[in-house]
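Descriptive structure summary
In case you want the letters, here they are:
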Amino acid sequence: DDNMFSNVFCENSKKLINVHLFALAAKYYSLSSLGVCTPLEDVLEALRGDSQGTTGIKTDEFMNNKKSHEVQVMSELVDNIANYCGIKQVIDIGSGKGYLSSFLSMQYNLKVYGIDSSNTNTNGAHERNRKLKKHWRAYQSRGRANLKSQRLEKANGRPVENEVKCKAIIEKPLNNDSSLQSQDQGTIQDLVPSCGFTEIATSETSKQTKVDLVAWTQSDESKLSEEVLAILNVLPADAVEVFSSSQCNCGELCEEEKAQRKMASLKAKASKSSESNLYFPLTSCITAETELSDIITDLEDCMMVGLHTCGDLAANTLRIFTAKPEIKAVCSVGCCYHLLSEQFENQEECPEELWGFPMCQYLKDEGWCCGRNARMSACLALERVAVGQMLPTESLFYRAVLQVIIEEIYGVTKSDRHVGKIFPKSSSFIDYVRKSLKKLELDDSKLPDSCITDYYEKYKHRMNELEAFNMLKVVLAPCIELLILLDRLCYLKEQDNIAWSGLVKLFDPVKSPRCYAVIALKKQSC
């Protein structure tokens, strides 16, 4: 019904008169209700086909819960997209400290270039990656110890069973070949597979015995080391030394095993020489006009990813994707909507400028504008508030009263400077105001403590109003986010070289409020 929400606002005053209907309307016009998202499970199923997903290591030892959740989910999706497109190179835009990049390289053996505009972040990513590899080596040592312990437990726990099995294996050849009947009883003990592979006899009859024994040994060892190898197999060649699960210190290796080991060693050396590192943190400021080949010398068919790309960077990631033929896919999760540039916000005529919003032609033709307040609201987390993680009302109140002081005392209505996170460091409202004025480079000597206290007392009784107002903003947040994300999706739908594009909810919104990814794959010929 088109008139369903007509009574939310007063027709004359335009004031909100029905809060309940307002909340229902906001819920109706949200991504979760409109059905425009593609379920993650459907995307993964389509990408995988008949193949099974990779069982990997857990990330919670190396990251906090939020980042661990994000990296675990997104890296699996990225790996499936890369496999579907047949590519091994990934470009992580706005890579920050390299959480996603390093995990993609170590877990999925992808060659990742992490690009961030901050030298501090890039240097931090280098250092973190170094420490992470050191941690992998600890996993390797632990794996060796666990494997050795498992073998000893197995051997000590069933000596009789081992002997019976070995006797059963050789019983038939002993009866059929008189040349074996005179062998010392100790030969049976030599066949216990705790030492790997052993020469049993030279006769034709004993060849099948050796095959059976080797098969049993390999199967037994495989079960013992499955958990260890699940960890070790995710590592790139340069992260750890090559570790063979079939090491032994007694008996001689068969020629087949020697050949296998030699081949594994050659492969490891070749891998080390060709790919000394699978993750490369780089520093560069990315714009829509950026030539990736100027940054990445060995650029090949690849995909672009971004985990919480800030402001315009999310929009520019999509523009680069559509413009560069070597980029076959994109998976971008944006954030910081308040930092988006808007074409129609200041009514400036800059037709050549590439704005963060709007991107699609429809909203450009409509001259659509959100405004900073609306974009700030889009950053709020409704799901967190719904489970009891309330808004920081007192700090928001401090900030609101500070703005009144700055406007009335200093006559400042706009500033490029930011107060930042001063509230946790402030002992009182007076302390908060003085620290804020210094950050804004305003003279606080003209403002006595009594004046600051008066402003606080004047507005203190309106704190509940501020809380109610902010709750309305929280309710409206999903609608504004919907507008921004649909703008990006429509932009991709307008391109001729896109085979498929969609919005996918990747994360639990309580853990990670900016949980939607814009995903697209190019046509095969593009």
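To keep things clear, this report deals only with the structure shown in the data block. (Residues numbered from 1 in each chain as written. Predicted model: local features only at pLDDT ≥ 70, side-chain atom pairs only at ≥ 80, totals over all residues. Heavy atoms only, no water.)

1. Digging into the overall build of the chain
Applied cut-off: Segments assigned H or I by DSSP are reported as helices when at least four residues long, segments assigned E as strands when at least two residues long, and all are numbered from the N terminus. Note on exposure labels: buried denotes an accessible area under 20% of the residue type's maximum, exposed denotes more than 50%, and partly exposed covers the range between, all computed with a 1.4 Å probe on protein chains only. Two residues form a contact once any of their heavy atoms are found within 4.5 Å.
Counting its secondary structure elements, the chain contains 20 helices and seven strands. In the chain, which comprises 526 residues, the share counted as buried stands at 43%. Counting only contacts in the chain whose residues sit at least 6 apart along the sequence, the fraction spanning at least 24 positions is 72%.

2. Topic: the sheet that holds strand β7 (residues 516-522)
Rules: A pair of strands is labelled paired if DSSP reports no fewer than 2 bridges between them. Every axis in this analysis is a line fitted to C-alpha atoms, fitted for helices over the stretch in contact. Angles between the N-to-C directions lie between 0 and 180 degrees.
Spatial ordering of the open sheet is given by β3-β2-β1-β4-β5-β7-β6, a layout of seven strands whose pairing is mixed. For this open sheet the edge positions go to β3 (279-283) and β6 (498-505), each flanked by a neighbour on one side alone. Across the sheet, the mean angle separating the axes of adjacent strands is 15° when strand polarity is ignored. Pairing analysis gives four bridges linking strand β1 (residues 89-93) to strand β4 (residues 302-310), with the strands arranged parallel. Residue pairing in the sheet places Ile91 in a bridge with Met304 of β4. Lying over the sheet, helix α13 (residues 312-323) contacts β1, β4, β5 (327-335), β6 and β7, oriented at roughly 170° with respect to β5. Running over the sheet, helix α20 (residues 463-493) touches β5, β6 and β7 and is turned about 165° from β6.

3. Description of unusual backbone geometry
Phe357 connects to Pro358 through a cis peptide bond whose omega is -5°. Of note, Pro358 is situated in the loop between β5 and α14 (361-366). With phi around 60°, Glu441 is a residue other than glycine that occupies positive phi space. Structurally, Glu441 is set in the loop between α18 (429-439) and α19 (449-459).

4. Quick notes on the packing of aromatic side chains
What counts, and what does not: To pair, rings of Phe, Tyr and Trp, with the six-membered ring standing in for Trp, must have centres within 6.5 Å; the planes then decide the type, stacked if under 30 degrees apart, edge-to-face if over 60, and tilted in the middle. By definition here, charges over rings are those cases where NZ of Lys or CZ of Arg is within 6 Å of the ring centre and within 35 degrees of the ring normal.
Under the defined criterion, the tally for this structure stands at eleven aromatic pairs. Seen in terms of ring centroids, Phe9 and Phe22 are 6.2 Å apart; in terms of plane orientation they differ by 90°. Their pairing is edge-to-face. One end of the pair, Phe9, is in the segment before α1 (19-28); the other, Phe22, is in helix α1, and 13 residues separate them in sequence. By relative accessible area, Phe9 is classed as partly exposed at 42%. Overall, the relative accessible area of 12% leaves Phe22 in the buried class. Ring geometry for Phe429 and Tyr456: centres 5.3 Å apart, planes at 45°, overall tilted. Of this pair, Phe429 sits in helix α18 while Tyr456 sits in helix α19, and the two are 27 residues apart along the sequence. With a relative accessible area of 5%, Phe429 lands in the buried category. The lysine or arginine in question, Lys522, covers the ring of Phe321, its NZ or CZ lying 4.6 Å from the ring centre.

5. A word on the pairing of β1
We count it as follows: Seen with the strands pointing away from the viewer, any crossover whose path from the first strand over the helix to the second strand runs clockwise is right-handed.
In terms of burial, β1 is largely enclosed, as five of its five residues are buried. In β1, alternate side chains face the same way, and those of Gln89, Ile91 and Ile93 on one face and Val90 and Asp92 on the other are all buried. One ladder, built from five bridges, connects β1 with strand β2 (residues 111-116); its direction is parallel. Each residue of the ladder has a partner; that of Val90, found in β2, is Val112. Chirality of the crossover, the property in question, places the unit of β1, helix α5 (residues 99-108) and β2 among those that are right-handed.

6. A few points about the pattern of salt bridges
Which entries qualify depends on this criterion: Salt-bridge detection follows one rule: a side-chain nitrogen of Lys or Arg within 4 Å of a carboxyl oxygen of Asp or Glu.
Counted under the stated rule, the structure contains 14 salt bridges. Notably, a salt bridge pairs Arg48 with Glu76, separated by 2.2 Å at the nearest N-O pair. In this pair, Arg48 is assigned in helix α3 (residues 40-48) and Glu76 in helix α4 (residues 65-85), connecting sequence segments 28 residues apart. The class of Arg48 is partly exposed, set by a relative accessible area of 24%. With a closest N to O distance of 2.9 Å, Arg375 and Glu345 form a salt bridge. Placement of the pair is Arg375 in helix α15 (residues 372-378) and Glu345 in the loop between β5 and α14, with a sequence separation of 30 residues. On the accessibility criterion, Arg375 (3% relative accessible area) is buried. In this structure Glu345 comes out as partly exposed when scored by relative accessible area, which is 29%. Via salt bridges that share partners, Lys66, Lys67 and Glu70 belong to a single interconnected network.

7. Some remarks on α3
To keep it simple, the criterion reads: Along the arc lie the directions from the helix axis toward the C-beta atoms.
All of the buried residues along α3 are Leu40, Val43, Leu44 and Leu47. In a view along the axis of α3, the buried residues occupy a sector of 95°, so they form one face of it. Along α3, the residues that are exposed and aim more than 90 degrees away from the buried face are Glu41, Glu45 and Ala46. Check the buried side of α3 and you find it contacts α4, β6 and β7.

8. Considering the environment of Ala381
Locating Ala381 in the fold gives a position in the loop between α15 and α16 (382-386). Considered as a pair, Ala381 and Val475 are 94 residues apart in the sequence and their alpha carbons are 9.0 Å apart. Beyond its immediate chain neighbours, meaning those up to four positions away, Ala381 contacts Val474 and Pro513.

9. So, a nonpolar patch on the surface
What counts here: Any residue with relative accessible area above 30% and no salt bridge may belong to a patch, with like charges joined within 9 Å and the nonpolar Val, Leu, Ile, Met, Phe, Trp and Tyr side chains within 5 Å. For accessible areas, the Shrake-Rupley method is used with a probe of radius 1.4 Å. Any residue's cover is judged against the shown protein chains and nothing else.
On the surface, Tyr28, Tyr29, Leu34 and Val36 cluster together into a nonpolar patch covering about 350 Å² of accessible area. Positionally, Tyr29 belongs in the loop between α1 and α2 (31-34). The class for Tyr29 is partly exposed, based on a relative accessible area of 42%.

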